[in-house]
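Reading the structure
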Amino acid sequence: QVQLVESGGGLVQAGGSLKLSCAASGRTFSNYGMGWFRQAPGKEREFVAAITWAGGITNYADSVKGRFTISRDNAKNTVYLQMNSLKPEDTAVYYCASRYSGTWTLPQSWTYWGQGTQVTVSS
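Summarised in this report is the structure supplied together with it. If you're wondering where the values come from, they're calculated on a predicted model, not measured in any experiment.

Right, let's get into the state of the cysteines. Summed over the entire model, instances satisfying the criterion amount to 1 disulfide. Disulfide pairing is shown between Cys22 and Cys96; the S-S distance is 2.1 Å. Since a negative S-S torsion denotes a left-handed disulfide, the Cys22-Cys96 link at about -80 degrees is left-handed. With a gap of 74 residues between them, Cys22 in strand 3 (residues 18-25) and Cys96 in strand 9 (residues 92-100) connect regions that are remote in the sequence. Owing to a relative accessible area of 0%, Cys96 belongs among the buried residues under this scheme.

So, in structure tokens, the structure goes:
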């Protein structure tokens, strides 16, 4: 079992930055790929970014490429999402996910989820 707790969300003006953290419990954290998804009101949960267990491979949604950076620190059992140049359309609840099987851009491929952290970007 892996438990995930997100933090770092908040209210920021357009063009600003936030850094989300996801702390994981469980001894096998370092064995799993990690991902970030987001869900805006009335919309489906969508892929944001993912990183392999060793951090060697990352993937981003086109909408955040060049603005967001995913990273992980296996010694701290934590994955991060640095978000720069934020836009109002980035407003959503951001979820951390762990352990995927299959296509990692699909929510149904992931086993463990956090409760989410709200990110609101004002114009």
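Below, the discussion takes up unusual backbone geometry. One non-glycine residue, Ser85, lies in positive phi territory at about 50 degrees. Along the chain, Ser85 falls in the loop between strand 8 (78-83) and strand 9. Phi at Arg99 takes a positive value of approximately 65 degrees, unusual for a residue other than glycine. Considering the arrangement of structural elements, one finds Arg99 in strand 9.

Rules and cut-offs
- Residues numbered from 1 in each chain as written.
- Predicted model: local features only at pLDDT ≥ 70, side-chain atom pairs only at ≥ 80, totals over all residues.
- Heavy atoms only, no water.
- Disulfide = S-S within 2.5 Å.
- Helix = DSSP H or I, 4+ residues; strand = E, 2+ residues; numbered from the N terminus.
- Buried < 20%, exposed > 50% of the residue type's maximum accessible area, 1.4 Å probe, protein only.

Scope: geometric values only; no functional claims are made or implied.
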